[in-house]
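Listed below are the residues making up each chain.
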Amino acid sequence: MHESAPQDQREDSEVSRRSVLRTAGAAGAGLGLGLGGPAAASAATGGAARPAAEEAAWPARQGRTMMGVPFERRDTLRVGIVGLGNRGDYMTELFLSLPGVRIVALCDTVREKAEKNAAKVKAAGQPAPALYTNGEDDYEQLCGRGDVDLVYVATPWEWHFPMAEAALTNGKHVGVECPVAMELDQLWRLVDLSERHRRHCVQLENCCYGKNEMRVLRMAHEGLFGDLLHAAGAYIHDLRGLMFSPTYYTGPWRRLWHTRLKGDLYPNHGFGPAANYMDVNRGDRAVRITTFGSPSLGLAAYRAQHMPAGDPSWKETYVESDMSISLVQTAKGRVIRLEHAVSNPHPYSRVNILGGTKGVFEDYPPRIYLEPDMSDDEWGDFQKYARWDHWLWKEHANPPGGHGGMDYIMLFRLVQCMRLGLVPDFDVYDAATWTAPVPLSTASIKAKGAPQEIPDFTRGLWRKPRPGMDSVKP
């Protein structure tokens, strides 16, 4: 347990958990900014890009880079799951569907949820997992176990950072649902902990493993789009009914974030695939972001129409923009547009656009226009490019699970990398970069759209091309 960890690790974890996590309940509009050090200077000066010569001003590296570091090879992957709500409950079933995975521990503050999933584990023919349900801090005991290789975190957002921190400081690899943290300083902390303890911290970004996203990625790397110029990604999903549901989430935690921050609260689904197309952190870098936000009207209007007088939600004041639009510029001058909208009527969309000198792909619905294949300004049939499908989708043509099967593909690949001792498709630098728009979009809106500098979490190593999502079949 924790008593076996070095004293400095225990102190690091305790100080951060008590000082950072407890601020969530009284967050106010400023929570999540975390603009210390270089980022604070960026906000004050309008967020101009930092010249390459000044990259040394980022916090000094506390360990060796985790770029290109493989997992330790193992026959059986032992998993501890923290958070057994809708997402954790569903992902438990997917973990159990994969060969070579054993779920050894489960953690949730609701005992019934842990027992329900323990029954699934036993029904799959595995030994009964240990249960950790003794209060909100019991995840620390799970992270301290000696028989856990991977901690999987699927809890409310404010818990993602302290739980990832506890896993890393206890020598565990950790996979975290989106977003990996809510503050800029927390992102730096996870980078440092990953490097110091030689354990991977990965953002389990399932949309990167979407069939269309992976096909476009391979096409981009084969030069079909020419020189890449721009991309777009989004999370547009009408969540009003779910956020006001008394049963879908455990408490109103997700809706309450709309009373705290005014920016892109969930950038990963759009940013991750776009960053992959452009090899961000693998030859290019996200340099700056500017964000504008619309008025916040949707949740209040939904409440007025659907919630009875006296409901606790009537005490809430919503500040989160119904639509936030961000522009990210890369070191090579490319542009990525990000959108976030969950409070108004709209069909689901991740937008998913990639454009280059030879043509463009646009999703929802998928369509493509490439030279010399098309002419007369008519969109082409994207299905005719199925030969460019990633090997994961060729090997798993009809994967189980929701979200079109990309959840299964994501877990299959993570387990494969961990069991075979491969380098993960993405790492802590990607997790930090894809999540940075959460605090920085909020800072940009607060500064009336002033650009905010995106930290170089790789500390200059982004210039070196290296493999990523476009993997080779082992």
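- The name given to the protein chain in an unreviewed UniProt entry is Glycosyl hydrolase family 109 protein, with Streptomyces albireticuli as the source organism.
- Quoted verbatim from the Cofactor (unreviewed entry) heading of the UniProt record, the comment on the protein chain is "NAD(+)".
- Under the heading Sequence similarities (unreviewed entry), UniProt records this for the protein chain: "Belongs to the Gfo/Idh/MocA family. Glycosyl hydrolase 109 subfamily."

**Side note on the nonpolar core**
- Ranked by size, the top nonpolar core spans 116 residues in total, and within it Tyr209 and Phe225 carry the most contacts.
- Element by element, the count of residues in this core is highest for helix H14 (residues 406-420), at 10 residues.
- Counting contributing residues per domain, this core is built from domain 1 (77-203) and domain 2 (207-390 + 426-453), each supplying no fewer than three.
- Contact partners of Tyr209, with chain neighbours within four places excluded, come to Met214, Leu392, Trp393, Met406, Ile409, Met410, Arg413, Asp425, Phe426 and Met469.
- Of all hydrophobic cores here, the second largest spans 19 residues; its members include Trp157, Leu261, Tyr318 and Val438.

**Observations regarding the environment of Cys417**
- Positionally, Cys417 belongs in helix H14.
- Residue classification places Cys417 among the buried residues on the basis of a relative accessible area of 2%.
- Here the alpha-carbon distance between Cys417 and Phe71, two residues 346 residues apart in the chain, equals 6.9 Å.
- Residues in contact with Cys417, not counting those within four places in the same chain, are Phe71, Leu422, Val423, Pro424 and Asp425.

**Digging into the sheet that holds strand E8 (residues 286-293)**
- Taken together, eight strands build an open sheet; the order of strands is E13-E12-E11-E7-E10-E9-E8-E14 and the sheet is mixed. In this open sheet, the two edge strands, each paired with only one partner strand, are strand E13 (367-370) and strand E14 (452-453).
- Sheet topology places strand E9 (residues 324-330) next to strand E10 (residues 335-341); six bridges connect them, and they run antiparallel. Pairing of Gln329 across the sheet is with Val335, part of E10.
- Contacts between helix H11 (residues 268-277) and the sheet are confined to strand E7 (228-236), E8, E9, E10 and strand E11 (353-356), with E7 contributing the most and set at about 160° to the helix.

**Points about the packing of aromatic side chains**
- The tally for this structure, following the rule as stated, stands at 17 aromatic pairs.
- When the ring of Trp157 is compared with that of Trp253, the centres are 5.5 Å apart and the planes differ by 75°; the resulting orientation is edge-to-face. Of this pair, Trp157 sits in the loop between strand E4 (150-153) and helix H6 (160-169) while Trp253 sits in helix H10 (residues 253-256); the two residues are 96 residues apart in sequence, bridging distant segments of the chain.
- Judged by its relative accessible area of 5%, Trp157 falls in the buried class.
- With relative accessibility at 13%, the residue Trp253 sits in the buried group.
- Members of the aromatic cluster, each reached through a chain of ring pairs, are Trp157, Tyr235, Tyr248, Tyr249, Trp253, Trp257, Tyr266, Tyr348 and Tyr364.
- It is Arg215 that lies over the ring of Phe382; its NZ or CZ is 4.6 Å from the centre.

**Comments concerning the pattern of salt bridges**
- Summed over all chains, the structure comprises 27 salt bridges.
- Of the charged contacts, one joins Lys120 and Glu93 as a salt bridge, the two residues approaching to 2.8 Å between their closest N and O atoms. Of this pair, Lys120 sits in helix H4 (residues 111-123) while Glu93 sits in helix H3 (residues 86-96), and the two are 27 residues apart along the sequence.
- You can call Lys120 buried: its relative accessible area is 18%.
- When the shortest N-O distance is used, the salt bridge between Asp427 and Arg466 registers 3.0 Å. Here Asp427 is found in the loop between H14 and helix H15 (428-435), whereas its partner Arg466 is found in the segment after E14, with 39 residues between them in sequence. Arg466 carries the same exposure label as Asp427, and that label is buried.
- The structure contains a network of salt bridges with shared partners spanning Glu72, Arg74, Arg78, Asp149 and Arg199.

**Some points on the packing of H3 against H4**
- Relative to each other, H3 and H4 sit at 15°, their axes nearing to 10 Å. On the basis of their axis angle, the class for H3 and H4 is roughly parallel. H4 is crossed by H3, and the crossing has right-handed handedness. The segment H3 lies against H4, with Asp89, Thr92, Glu93 and Leu96 engaging Lys116, Asn117, Lys120 and Val121.
- Taken together, the residues that form the contact of H3 with H4 break down as two nonpolar, two polar and four charged.

Reading guide: rules and limits
Residues numbered from 1 in each chain as written. Predicted model: local features only at pLDDT ≥ 70, side-chain atom pairs only at ≥ 80, totals over all residues. Heavy atoms only, no water. UniProt positions renumbered as here; feature names shortened; annotations may be inferred. Core = buried A, V, L, I, M, F, W, Y, C linked by side-chain atoms within 4.5 Å. Buried < 20%, exposed > 50% of the residue type's maximum accessible area, 1.4 Å probe, protein only. Helix = DSSP H or I, 4+ residues; strand = E, 2+ residues; numbered from the N terminus. Domains from an automatic or database assignment. Contact = heavy atoms within 4.5 Å. Pairing = 2+ DSSP bridges. Axes fitted to C-alpha atoms, helices over the stretch in contact; angles between N-to-C directions. Phe/Tyr/Trp six-rings, centres within 6.5 Å; stacked < 30°, edge-to-face > 60°. Lys NZ or Arg CZ within 6 Å of the ring centre and 35° of its normal. Salt bridge = Lys/Arg side-chain N within 4 Å of Asp/Glu carboxyl O. Parallel < 35°, antiparallel > 145°, perpendicular 65-115°, else oblique. Left-handed = near helix turned anticlockwise from the far one by under 90°. Nonpolar A, V, L, I, M, F, W, Y, C, P; charged D, E, K, R; others polar.

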